[in-house]
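# Observations on the three-dimensional arrangement
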Amino acid sequence: MSDMQTRVRELAQHPSRATPDNTTFELIRARLRVLQANTDSGARDAIAHFSARLQEPSASTRAAAHYGMAVAQLRLGQNQEALASAKQAKALTPTTIPMLEKAVIEARFLSGDRTGALEQAQSHAARFPLSRLSALLYAQLLQRHGDHPATLAFMRSQLALTKTQVKYHEIIARSYAALGQNTRAHQATAEAYALMGATPAAIEQLKLAQKAADADFYVLSEIDARLRQLSAQLRDPPSKPLE
């Protein structure tokens, strides 16, 4: 059994230990319960389940119950209630936990305090510069707010998501498209497809980028070179090593 499996088993056997690891374990378990419900009635049942656990002696169990309620309330569009639940969960945790911080920020954003939520998300991403969850949250909230120039600026400066990851290119493609920069949007989409191993789809996107032709000479030169590279790969795939 791996170290992680051993740790999960220990946490399950000793739920009263209010350590940061145990709190995270219980938060994940609460989130999964809501996600597995998959219906509004299931979300309401989850709220009832978690409400019954709010008097448990373990702080981590109560935190998870408030968090589970927040996730279910967000699913039902009960954003103000979700914000209150998420804040109560946060007050019971000994350390900052990204997934809990995410719930607070999302509920705050959906409750109408977009400016405050964006400031909090930006601060959280700066505090945890290598957290993929924090970077994704801030970038996606910027996009939902319609601030695509800020999204692109953040994606260029952040450290958690790299150009070797599909999500990086998906995010910038969406913002370029929203700004009407079609060449760059197709270019980014092509890189996402290439990383997924879908070379023909990547080539098609690069051809669309060429046709859009709304970028400068440098970008178009990049696209031409990348198209030649991927076309060569498709034509002459690397040989497999002998076994």
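We now turn to the structure provided with this report. (Residues numbered from 1 in each chain as written. Predicted model: local features only at pLDDT ≥ 70, side-chain atom pairs only at ≥ 80, totals over all residues. Heavy atoms only, no water.)

Before going further, it helps to spend a moment on helix H13 (residues 217-235). Look at H13: 27 Å from first C-alpha to last across 19 residues, which is about the 27 Å you get at 1.5 Å a residue. Among all positions of H13, only Val 219, Ile 223, Leu 227 and Leu 230 are buried. Seen from one end, H13 has its buried residues packed into an arc of 80°, which puts them on one side. The outward face of H13, more than 90 degrees from its buried face, is lined by the exposed residues Phe 217, Tyr 218, Arg 228 and Arg 235. Structurally, H13 contributes buried residues whose contacts are with helix H11 (182-195) and helix H12 (199-212). Its side-chain oxygen 3.2 Å from the backbone nitrogen of Tyr 218, Asp 216 forms the N-cap of H13. (Helix = DSSP H or I, 4+ residues; strand = E, 2+ residues; numbered from the N terminus. Expected span 1.5 Å × (residues − 1). Buried < 20%, exposed > 50% of the residue type's maximum accessible area, 1.4 Å probe, protein only. Arc of directions from axis to C-beta. Contact = heavy atoms within 4.5 Å. Polar contact = N/O pair within 3.5 Å; in protein donor to acceptor, adjacent residues only side chain to side chain.)

It is worth spelling out the packing of helix H8 (residues 132-144) against helix H10 (residues 166-178) at this point. To describe two helices that pack against each other, one gives the angle between their axes and the distance between the axes. With their axes 11 Å apart at the nearest point, H8 and H10 run at an angle of 10° to one another. Between H8 and H10, the crossing angle belongs to the class labelled roughly parallel. In this structure, H8 meets H10 at a crossing whose hand is left-handed. In this structure, H8 contributes Arg 132, Leu 136, Ala 139 and Gln 143 to the contact, and H10 contributes Lys 167, Ile 171, Arg 174 and Ser 175. Of the residues belonging to the contact of H8 with H10, the class tally is three nonpolar, two polar and three charged. (Axes fitted to C-alpha atoms, helices over the stretch in contact; angles between N-to-C directions. Parallel < 35°, antiparallel > 145°, perpendicular 65-115°, else oblique. Left-handed = near helix turned anticlockwise from the far one by under 90°. Nonpolar A, V, L, I, M, F, W, Y, C, P; charged D, E, K, R; others polar.)

This brings us to the environment of Ile 223. Mapped onto the fold, Ile 223 is located in helix H13. Take Ile 223: its relative accessible area is 0%, and that puts it in the buried class. As for Ile 223 and Gln 210, which are separated by 13 residues in sequence, their C-alpha atoms are 7.3 Å apart.

Here we take up the environment of Leu 74. Following the sequence through the fold, Leu 74 ends up in helix H4 (residues 59-75). Judged by its relative accessible area of 19%, Leu 74 falls in the buried class. In this structure, the C-alpha to C-alpha distance between Leu 74 and Leu 110, residues 36 residues apart in sequence, is 8.6 Å. Once you skip the residues sitting within four places of it in the chain, Leu 74 turns out to touch Asn 79, Ala 82, Ala 103, Glu 106, Ala 107 and Leu 110.

Both the distance between ring centres and the angle between the ring planes are used here to describe each pair of aromatic rings. Considering all chains together, one arrives at one aromatic pair under this definition. On the numbers, 4.9 Å between centres and 80° between planes, the contact of Tyr 138 with Phe 154 is edge-to-face. Of this pair, Tyr 138 sits in helix H8 while Phe 154 sits in helix H9 (residues 148-157); the two residues are 16 residues apart in sequence, bridging distant segments of the chain. (Phe/Tyr/Trp six-rings, centres within 6.5 Å; stacked < 30°, edge-to-face > 60°.)

To continue, consider unusual backbone geometry. You will see that Asn 38, though not glycine, has its phi angle at about 70°, which is positive. Position of Asn 38 among the secondary structure elements: in the loop between helix H2 (20-37) and helix H3 (40-51).

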